[in-house]
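Take a look at the letters that make up each chain.
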Amino acid sequence: MASVVIAEGRKEGVIALAGLESVGKSALFRHLTGNQTGIETNVKGSTVVFTRGKLKRHSSAEVVDTPGIRYEDDSKTTQMTMDETEDLREIILVVKAPHLKDELLLLDEQLDLRGKQVTVAATHKDRYDPDEEEKRFIKELLNVPVIWCNSRSMKQDEQEELWEAVRSSSRWNLNHHLLTFLPTAQKEKQKHRLEQLLSKSLAGPLLALSMVIGMFAFPVFTAYLFSSYFQPISEKWLVDPLTNSLMNVPGFFQELLIGNYGVLTLGWYSFLWAFPVVFLIGLSVSITEETGVQERITYALTPSLKKIGLTGRDLTPVLTGFGCNVVAVMQTRSCSSCTRGACISMISFGSACSYQIGASLSIFGSAGAPLLFLPYIFMLLIVGAVHTRIWEKNSIPHSSVCSLPYLQPITWRGTIFRLKGSIKQFIFQAMPIFIIICLAASTLDYLNVIHDLVVFIAPLLTVFSLPSDVAPGVIFSIFRKDGLMVLNEGKGSLLHTLELWQVFISVYLASTLSACLVTLLSIYKEMGGGHALKLLGRQMMTSLISTWLLAMILFALFN
């Protein structure tokens, strides 16, 4: 009878999935709703907004996937979850089976559970599956439905068991001290060899750093080989025929389509060089997230990151920034308020998004020196770290109890889903904006406005021993980082007039002078206008000073 009353009360209700990070809430959300959003995500802090969906078995009820909780933490996501669950009547507590006692103690302390309808889902039973006697004792002590499952790959009977447990949820009336009588988790199954290596004090950070380099070096190098091979082929069979066929159109339209900044010339180069990078880095990042490797890497690097005012968990948004800075800025919601500003600063300066990587790789390749990409990325990270340390010196890394994901096999459905999102974002958001940049640049060039802008900032460029022709790349990179692709005008004719060190300085200045406008808008929405303007001013100052120092050093070395 009680279950009937609960079911009726649930018709207009909301059920929250709550738990620590990396326990499998998003995967359970998928099984409960059939919604593929966030499918089997296995990266700490991946849920930075609430995901909502209707129950498959009860469409009038709503399930909310909340961000993971950290103990004694002041991150925005932890506060969001506590606020969301405060007024809800029904909660599914998601905990790791090997740490059921410890995690329930933390959740009971953090959340106001008394009087709420509660179901407990203990995930990762492949790591620890109690015997029937222990399960019975836990259920009797908690007096609420408890199930054990593997959330990443639930069988049909396990999904039925989960649904029945949700239907029969019971009121949580436990005194906190009674939870201490829960069985202490027995020793887990043997850790994965990679988990053991990454936990070593000396070998762990070195291995983690090597893996980070590999995550990006291999995709970028492969993308370069692909693009450099297909560029001459595409010029012969696509670009040149189109250019010849449009030679007789009116001057203005000719400029828009096949001019120095034309949609069919410069726009094609942007796609050819950026898309392989977006695809391969997206695949690399998706795999490390789905398997849990990414979070193990960030945890191993925490001691080193603390020296610049960051923690390992702050590295996750920084790494995400190599895909998209906007998504990375949103992910900083999972950072402590003590380090969030420092993390955003590092993303803005040091995280080269996929489009920036593709554009810079294209420019270095067109200049005949693709290996310049390696010192370029190195300088972004080093100067970005120094920049963050100087301007965010009051950032104090806050240590909190966190839950590391287990290393698990790749789930290709989740990997492909995440990759499809990156590709759609590139095709339907990035490319249209770049086409607009091409049209704007062509129009401004046709009206001689670019010439006037070049004259305006030429004195600044002479300080760095750069010619005024570099100005358009600097200007348009402020709108979007792949805007620096305009340096490829005339199929790279401008680049061939520059010394290699000037090419390097030009790309570095255009990349670091400012975050792109879309990223700045995201920072404004997350942190406020004052913070965005302050960050912009600081970044410009660091960029100009570091560019001048680099220019002086390189000029002295190569002249």
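This section reports on the structure supplied with the text. Just so it is clear, the model here is predicted, and its values are computed rather than measured. (Residues numbered from 1 in each chain as written. Predicted model: local features only at pLDDT ≥ 70, side-chain atom pairs only at ≥ 80, totals over all residues. Heavy atoms only, no water.)

## Comments concerning the overall build of the protein chain
Next up, step 1: Looking only at helices and strands, one finds 24 helices and 7 strands in the protein chain.
Next up, step 2: When the 559 residues of the protein chain are sorted by exposure, 57% land in the buried category.
Next up, step 3: Taking as baseline every contact in the protein chain between residues at least 6 positions apart, the subset at least 24 positions apart corresponds to 78%.
Next up, step 4: Summed over its atoms, the accessible surface of the protein chain is roughly 23800 Å², and 63% of this surface lies on carbon and sulfur atoms. (Helix = DSSP H or I, 4+ residues; strand = E, 2+ residues; numbered from the N terminus. Buried < 20%, exposed > 50% of the residue type's maximum accessible area, 1.4 Å probe, protein only. Contact = heavy atoms within 4.5 Å. Areas by Shrake-Rupley, 256 points an atom, 1.4 Å probe, with all protein chains shown as cover.)

## Considering the side chain of glutamine 231
Next up, step 1: Considering the arrangement of structural elements, one finds glutamine 231 in helix H8 (residues 203-245).
Next up, step 2: Those residues in contact with glutamine 231 that sit more than four places away from it in its chain are Tyr269, Leu272 and Trp273.

## Re the pattern of salt bridges
Side chains that differ in sign of charge can pair as their charged atoms come close.
Next up, step 1: Here the structure, examined in full by the defined rule, presents 9 salt bridges.
Next up, step 2: Close ionic contact of glutamate 90 with arginine 89 constitutes a salt bridge, the shortest N to O distance being 3.5 Å.
Next up, step 3: Relative accessible area serves as the criterion here: at 3%, glutamate 90 is assigned to the buried category.
Next up, step 4: Exposure remark for arginine 89: the relative accessible area of 38% places this residue in the partly exposed category.
Next up, step 5: For the salt bridge of arginine 340 with glutamate 526, the shortest nitrogen-to-oxygen distance reads 2.6 Å. Here arginine 340 is found in helix H15 (residues 340-350), whereas its partner glutamate 526 is found in helix H23 (residues 517-527), with 186 residues between them in sequence. Both residues of the pair, arginine 340 and glutamate 526, belong to the buried class.
Next up, step 6: A cluster of three or more residues bridged by salt bridges with shared partners is formed by Arg127, Glu195 and Arg296. (Salt bridge = Lys/Arg side-chain N within 4 Å of Asp/Glu carboxyl O.)

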